[in-house]
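# Inside the fold
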Amino acid sequence: MLDGILSAFFLQSGYNATLVTIGACLLGIAAGTSGTFLFLRKRALISDAVAHATLPGVAIAFIIMVFFGGDGRNLVGLLLGSAISSLIGLLAVGWITKYTRLAEDAAIGAVLSVFFGAGIVLLTVIQSMSSGRQAGLEGFLLGSTAGMLFQDAVTIAIGGVIAVLAVFTLRRPMTLAAFDPEYATSTGQNVYRTDLATMGLVMAVTVIGLKIVGLILIVAMLIIPAVTARFWSERAEHVVILAGLFGGAAGYIGSAISASAPDLPTGPIIVLVSFALFCVSLFFAPERGIFSALLRHRRFQLLVHRRQGLLAIAHGERIYDPLTLSTLRKAGFLRADGVATDSGAAQASKTLRDERRWKVARGIYQDDAVSNLYDGLTPIEAVLTRDQIAEIDRHIPVAKQVDGDR
Amino acid sequence: MQPAITLATEYGKAVEIAASDDQSPLAIRELTVSYGEKPALFSVDTVIPAQSMTAIVGPNGAGKSTLLKAALGIVPRLSGNVQVFGEPVEEMQDKIAYVPQRASVDWDFPARVLDVVMMGLYPQLGLLGFIKPSQKKHVMECLERVGMAEFAERQIGQLSGGQQQRVFLARALAQNADLYLLDEPFAGVDAATEKAIIAVLQSLKENGRTVVCVHHDLATVADYFDHLLLVNIRKIADGPISEVFTSENLQATYGGRLASTHIDQLKLPAS
């Protein structure tokens, strides 16, 4: 098994497997980068409508090609048909959203199901045709790479390269349309046309991906890499690049795994690999990952307890909170019987002084950046210069008096 | 002296526009905008003088923001036309910088402060142009002017409301425009930000630029602005603050929504 995966990984598993692996990798890069803009524009779901709307086109193209005596399975013809019908589906979503009171999600649901239903009916019709039995059009549902030809791989490669180049060219207008469409319009950009271009890209990727992953799962290749990449970066252009890398890696690894054993479906395996990358990112990404967030929260919580505990010691108050007690004990500020150690007492009075300084500082620098930095935890030395602190200290005896007066 | 231009309107009323208005930074004529069948703005005419600081003032739902958006083509115009420095607005978009409402975007977008301000340079960068060091320097100067230079590398989601507003202003500054249109720049910002923004706007005016703000705080209108447009679906009045900012006009704009005691507390230069 592992041998099989490794040999597929190094493109040693035979001609067909090599074609599929390279094709899936290119498709993953193209889908990941173009899907990112859909995700950033918060219109990820529309790719589902685009994908499902390809099915009637595939079926009709087959029927037409057979009717004129040609080979119904000609890939270019089938892809052309799928492109036309997904364009119609896309326009239908746009039209419903614009001219009726229905929101886009309702329009997507309607178009997706109607087109898919029509496609399935047409497939049944084809099954009953004399030349239809071997058509193998069901392969477009979940992808089928078994009989992939060299020209199929070339079609995917060319389409993928064009899609990546288009993303590179349109990155600025697409970023601006996603972040702030009204501002984009004010600079003279035609946001409607930018959106059309984005949709066109997604449609192109969907159509070239039909053969490998199929129309039901292509959405995963468009969206999961973008969502995965978002965990790792706070810059749109890096998210796009990372999404391409994640998509390409999922395509490559997924098809290598599926080539390692007979009857492992390529498309679904690619999606599962993509999902695995997503899970790793979800948990382990440095800033936005779940573990990092939990860790940050825990560290913050302990800081708060430590500060509150030290202030309580300084004020001679009793501490009841078990977490505060254990935090202070671990830091060596508190003995087991609850009496402050020498270092605890010293730290407590230091903390109290910091708190008093902050109080004065917030009075002096009202409405200023300094007050915004006050979170009850940051030591004032980290924010103000020594001279500023000396200035503040001159105010403190006065502040004490006010406290005493009350 | 050029001859005056006469525009016939569909209501048969002729509007004479003096030749000097022709070069106004923003001349709006017979502008009507509707959402569905309900007009949001009806037949609004106004000419913004060059190098002025103009406030657009009116109650909620009066169409103040819509006026800016329709002038810029963000919402479609039902009728009317908009000219910028004597040319149709569509041809003059490189002369205009728009500052949208802060709440109109998702601040969790993957971008740093620097990236957002850089967006102001997109029209001049084109599709494939690379960012030159001089352009990066210009962006940093714009951030400096709004006091946000030290936040350049910060993720925009970590900013406070006032800081977000300043980043939007810096993006508009980066465009180096002649006409600045701002939608409620002072809404929900801290006092320090309000001071910083008004200082930047005043320096723009002193450098010969024209500034138009949708404004909601009647108490500061007379302090910040020198020209006023009062709207409530229709135009109520426009002109220099000293002539237009009167209790009669405010009553007409706000109707019963503004108590007369409130009006009495305002510093009305004209009364």
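Keep in mind the model is a prediction, meaning the values are calculated, not measured.

### Side note on the pairing of strand 9 (residues 179-183) of chain B
Residues and elements named next belong to chain B. When you tally the buried positions in strand 9, you get five out of five residues, the bulk of the element. Residue alternation in strand 9 divides its side chains into two sets, Leu179, Leu181 and Asp183 and Tyr180 and Leu182, and both sets are buried. Bridge count for strand 8 (residues 96-99) against strand 9 is four bridges, and the pairing is parallel. What sits directly across from Tyr98, in strand 9, is Leu181. Here five bridges tie strand 9 to strand 10 (residues 210-214), and the two strands are oriented parallel to one another. In the strand pairing of strand 10, Leu182 is matched with Cys213. Between the parallel elements strand 9 and strand 10, the chain passes through helix 6 (residues 191-206) in a crossover that is right-handed.

### With respect to the sheet that holds strand 9 of chain B
All names here are of chain B. A sheet is described by the order of its strands in space; here six strands give the open sequence 8-9-10-5-11-12, paired in mixed fashion. Of all strands in the sheet, those bounded by a partner on one side alone are strand 8 and strand 12 (234-240). In this sheet, neighbouring strand axes are inclined to one another by 15° on average, regardless of whether the strands run parallel or antiparallel. Strands in contact with helix 5 (residues 161-174) are strand 8 and strand 9; relative to strand 8, the strand with the most contacts, it is inclined by about 170°. Contacting strand 5 (53-57), strand 9 and strand 10, helix 6 crosses the sheet at an angle of about 125° to strand 5.

### Some thoughts on the sheet that holds strand 3 (residues 26-35) of chain B
Residue and element names in this part refer to chain B. On the basis of which strands lie adjacent, the open sheet formed by four strands has the order 4-3-6-7 and antiparallel pairing. Either end of the sheet is taken by a strand with one partner, and the two such strands are strand 4 (38-48) and strand 7 (87-88). Contacts between helix 1 (residues 64-72) and the sheet are confined to strand 3, strand 4 and strand 6 (79-84), with strand 3 contributing the most and set at about 110° to the helix.

### Considering a nonpolar patch on the surface
All names here are of chain A. On the surface, a cluster of nonpolar side chains totalling about 550 Å² of accessible area is made up of Val280, Phe283, Phe284, Ile290, Phe291 and Leu294. Of all the secondary-structure elements, those providing two or more residues to the nonpolar patch are helix 13 (266-284) and helix 14 (290-314). With respect to the helices, strands and loops of the structure, Val280 is situated in helix 13. Among the residues examined, Val280 registers a relative accessible area of 44% and is labelled partly exposed.

### Some details on the interface of chain A and chain B
Often, the extent of an interface is quoted as the loss of accessible area on bringing the components together. In this complex, chain A contributes 27 residues to the contact, which on the side of chain B involves 35 residues. A buried area of about 2800 Å², summed over both sides, lies between chain A and chain B, and 60% of it is on carbon and sulfur atoms. The largest share of the area that chain A buries against chain B comes from Arg172, Phe179 and Tyr183 of chain A, three residues that together contribute 29% of it. Linking chain A with chain B are six salt bridges. Taking the shortest distance from any N to any O, the salt bridge between Asp108 of chain B and Arg230 of chain A comes out at 3.8 Å. Linking chain A with chain B are 13 residue pairs in polar contact (both at pLDDT 80 or more).

### A closer look at empty space enclosed by the protein
Residues and elements named next belong to chain A. What the rule picks out here adds up to two cavities of 30 Å³ or more. Put simply, the largest cavity is a space of about 60 Å³. As for the largest cavity, its lining consists of Phe37, Leu38, Arg41, Arg43, Met174, Ala177, Ala178, Thr194, Asp195, Thr198 and Met199. Ranked by residues supplied to the lining of the largest cavity, first place goes to helix 10 (residues 191-209) with four residues. Here the lining of the largest cavity is composed, by residue class, of six nonpolar, two polar and three charged.

### So, the packing of aromatic side chains
As enumerated under the stated definition, the model contains 13 aromatic pairs over all chains in all. Between Phe179 of chain A and Phe168 of chain B the ring centres are 6.4 Å apart and the planes differ by 75°, which places this aromatic pair in the edge-to-face class. Linking Phe179 of chain A in helix 8 (residues 150-179) with Phe168 of chain B in helix 5, this pair reaches from one chain into another. Classification of Phe179 of chain A by relative accessible area gives buried; the value is 3%. Owing to a relative accessible area of 0%, Phe168 of chain B belongs among the buried residues under this scheme. Ring geometry for Phe283 of chain A and Phe291 of chain A: centres 5.6 Å apart, planes at 35°, overall tilted. Judged by relative accessible area, Phe283 of chain A falls into the partly exposed class, the value being 31%. Members of the aromatic cluster, connected to one another through ring pairs, are Phe179 of chain A together with Trp107, Phe109 and Phe168 of chain B. Over the face of the ring belonging to Phe168 of chain A we find Arg171 of chain A, whose NZ or CZ atom lies 4.4 Å from the ring centre.

### Concerning the domain arrangement of chain A
You can read the domains of chain A as domain 1 (2-282) and domain 2 (291-405). Of note, the centres of domain 1 of chain A and domain 2 of chain A, computed from C-alpha atoms alone, are 56 Å apart.

### Points about helix 6 of chain B
Residues that lie three or four places apart on an α-helix share one face, since the helix turns once every 3.6 residues. All names here are of chain B. The end-to-end C-alpha distance of helix 6, which contains 16 residues, comes to 23 Å, matching closely the 22 Å that a straight helix rising 1.5 Å per residue would cover. Buried within helix 6 are the following residues: Thr193, Glu194, Ile197, Ile198, Val200, Leu201 and Leu204. Taken down its axis, helix 6 places every buried residue within 160° of arc, on the same side. Looking at helix 6, the residues exposed on the side facing more than 90 degrees away from the buried face are Lys195 and Glu206. The inward-facing, buried residues of helix 6 contact strand 5, helix 4 (133-145), helix 5, strand 9, strand 10 and helix 7 (218-224). At the C-terminal side of helix 6, Gly208 shows a positive phi close to 85°.

What counts and how
- Residues numbered from 1 in each chain as written.
- Chains lettered and ligands numbered in written order.
- Predicted model: local features only at pLDDT ≥ 70, side-chain atom pairs only at ≥ 80, totals over all residues.
- Heavy atoms only, no water.
- Buried < 20%, exposed > 50% of the residue type's maximum accessible area, 1.4 Å probe, protein only.
- Helix = DSSP H or I, 4+ residues; strand = E, 2+ residues; numbered from the N terminus.
- Pairing = 2+ DSSP bridges.
- Right-handed = clockwise from strand over helix to strand, strands pointing away.
- Axes fitted to C-alpha atoms, helices over the stretch in contact; angles between N-to-C directions.
- Contact = heavy atoms within 4.5 Å.
- Patch = residues over 30% accessible without salt bridge, like charges linked within 9 Å, V, L, I, M, F, W, Y side chains within 5 Å.
- Areas by Shrake-Rupley, 256 points an atom, 1.4 Å probe, with all protein chains shown as cover.
- Salt bridge = Lys/Arg side-chain N within 4 Å of Asp/Glu carboxyl O.
- Buried area = accessible area lost by both parts, 1.4 Å probe.
- Polar contact = N/O pair within 3.5 Å; in protein donor to acceptor, adjacent residues only side chain to side chain.
- 1 Å grid on protein atoms, 1.4 Å probe; cavity = no way out; pocket = protein on both sides within 12 Å on 5 of 7 lines; lining within 4 Å.
- Points joined across faces, edges and corners; volume = space filled by probe spheres on them.
- Nonpolar A, V, L, I, M, F, W, Y, C, P; charged D, E, K, R; others polar.
- Phe/Tyr/Trp six-rings, centres within 6.5 Å; stacked < 30°, edge-to-face > 60°.
- Lys NZ or Arg CZ within 6 Å of the ring centre and 35° of its normal.
- Domains from an automatic or database assignment.
- Expected span 1.5 Å × (residues − 1).
- Arc of directions from axis to C-beta.

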